[in-house]
Every structure is written in structure tokens, then in C-alpha cells.
Amino acid sequence: MTKYRKTAEAVSRLTPEQYRVTQRNGTEYPGTGEYLTNEEPGIYVDVVSGEPLFASSDKFDSGTGWPSFTKPVEQVNIIELRDTAHGMTRTEVRSAFGNSHLGHVFPDGPADHGGLRYCINSAALRFIHRDEMEAEGYGSYIKFVEGSR
């Protein structure tokens, strides 16, 4: 079984934007994220720890300016925390093993897919195309992306 964790080496490889988002609870500007319009089949993992977070088959265009997903690929890899910053009450989403700030979850997603919208910063993610998943150790997750766009 793969062990996912945050290491000093992984943090040192982050770009300034990835560091600001994942380690300082930042938010990328809407419409600027690398994965906003990505429609390729694959899996999104934590840029720090590599833990699997979201599948392309659960990604949708929310019109908000950030990649949005209906659910995590494995709930155990996600931590949801109450966030009262900026005068709002929201639910922050963090990776369980990497403790990276990912974004927020809102109850305004597609009703036919559970009604949640995981609004996630591209800077917190690394995308692994379905064709590369086996070679990168994510072969057991291919079943989550089959039939994706």
C-alpha cells in the first residue's frame, strides 16, 4: 500500500503559486488555473503528497472559474474544516495526508450527482492522464476514470 505524506523535499519543489495556495491557504485567481478546462481522462492528486483526490469523471464546468468536482475519489483523502475567514462561513477542503489547502466545498453542485461542488485550486493539484496512471502507481484508480470525457 502506498503511503502518502508531506515531505520537506516535496514542499521545496513547489512553485511560488503552489506554495502560496497549499501551504498558506491561498486562492488562485478565477479563470487562471491550469486544469480549469482540462477534459482529458485521468486523476487529480495532491501536488505535495501525491494522494489521489478527484477523478476526471467527476469534474464539471461550474462557471465559477475554478475546477469543480462532484465528489472526491476517496473520502478518506479529504478533510473538511469550518472556515470563517474573510467574514464568511465556508467549508475548507484539505488533503488528509499532505495537509494541503485545496479549496472549498459548497452545497450548490449538480443535484443529480449529490449536490456538492468541490471548488479546487489547480495549483494544489497534479493531473495524471489515464494512460500514465498505471506507470505512476495509480492503476487501481483507473476504474474511476473509465468512461470519462
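Look up: the structure comes first, before these words.
Residues numbered from 1 in each chain as written. Predicted model: local features only at pLDDT ≥ 70, side-chain atom pairs only at ≥ 80, totals over all residues. Heavy atoms only, no water.

S.K.: Would you mind going over unusual backbone geometry with me for this structure?
M.R.: Among all residues save glycine, negative phi is the norm, and among peptide bonds the norm is trans. Phi at Asn25 is positive, roughly 60 degrees, even though this residue is not glycine. Tracing the sequence through the fold places Asn25 in the loop between α2 (16-24) and β1 (42-46). Of the residues examined, Asn25 reaches a relative accessible area of 44% and is grouped as partly exposed. If you check the backbone angles, Asn99 has positive phi at about 55 degrees while not being a glycine. (Helix = DSSP H or I, 4+ residues; strand = E, 2+ residues; numbered from the N terminus. Buried < 20%, exposed > 50% of the residue type's maximum accessible area, 1.4 Å probe, protein only.)

S.K.: For this particular structure, what's the right way to read the sheet that holds strand β2 (residues 52-55)?
M.R.: The pairing of strands in a sheet comes from backbone hydrogen bonds and takes either a parallel or an antiparallel form. Spatial strand order, β2-β1-β9: 3 strands in an open sheet with antiparallel pairing. The sheet is open, and its two edges are formed by β2 and β9 (125-129), each paired on a single side. Across the sheet, the mean angle from the axis of one strand to that of its neighbour is 30 degrees, orientation sign disregarded. Pairing analysis gives 3 bridges linking β1 to β2, with the strands arranged antiparallel. By the bridge assignment, Ile43 is partnered in β2 with Ala55. (Pairing = 2+ DSSP bridges. Axes fitted to C-alpha atoms, helices over the stretch in contact; angles between N-to-C directions.)

S.K.: What is the right way to read α2 from this model?
M.R.: Given 3.6 residues per turn, any residue in an α-helix points the same way as the ones three and four places further on. The complete set of buried residues in α2 reads Gln18, Val21, Thr22 and Gln23. One side of α2 carries all its buried residues, which in axial view fall inside an arc of 165 degrees. For α2, the exposed residues lying more than 90 degrees away from the buried face are Pro16 and Arg24. The secondary structure elements touched by the buried residues of α2 are α1 (8-12), β6 (90-95) and β7 (101-106). Asn25 sits one or two positions beyond α2 and adopts a positive phi of about 60 degrees. (Arc of directions from axis to C-beta. Contact = heavy atoms within 4.5 Å.)

S.K.: Looking at this structure, how should I read the packing of aromatic side chains?
M.R.: When we look at a pair of aromatic rings, we describe it by the centre distance and by the angle of the planes. This structure, assessed with the given rule, holds 8 aromatic pairs. Centroid distance Tyr44 to Phe127: 4.9 Å. Interplanar angle 50 degrees. Geometry classified as tilted. A residue pair is termed long-range when its members are at least 10 positions apart, and Tyr44 in strand β1 and Phe127 in strand β9 qualify at 83 residues. Of the residues examined, Tyr44 reaches a relative accessible area of 0% and is grouped as buried. Three or more aromatic residues joined by ring pairs make a cluster, and in this case those are Tyr35, Tyr44, Phe54, Phe69, Tyr118 and Phe127. (Phe/Tyr/Trp six-rings, centres within 6.5 Å; stacked < 30°, edge-to-face > 60°.)

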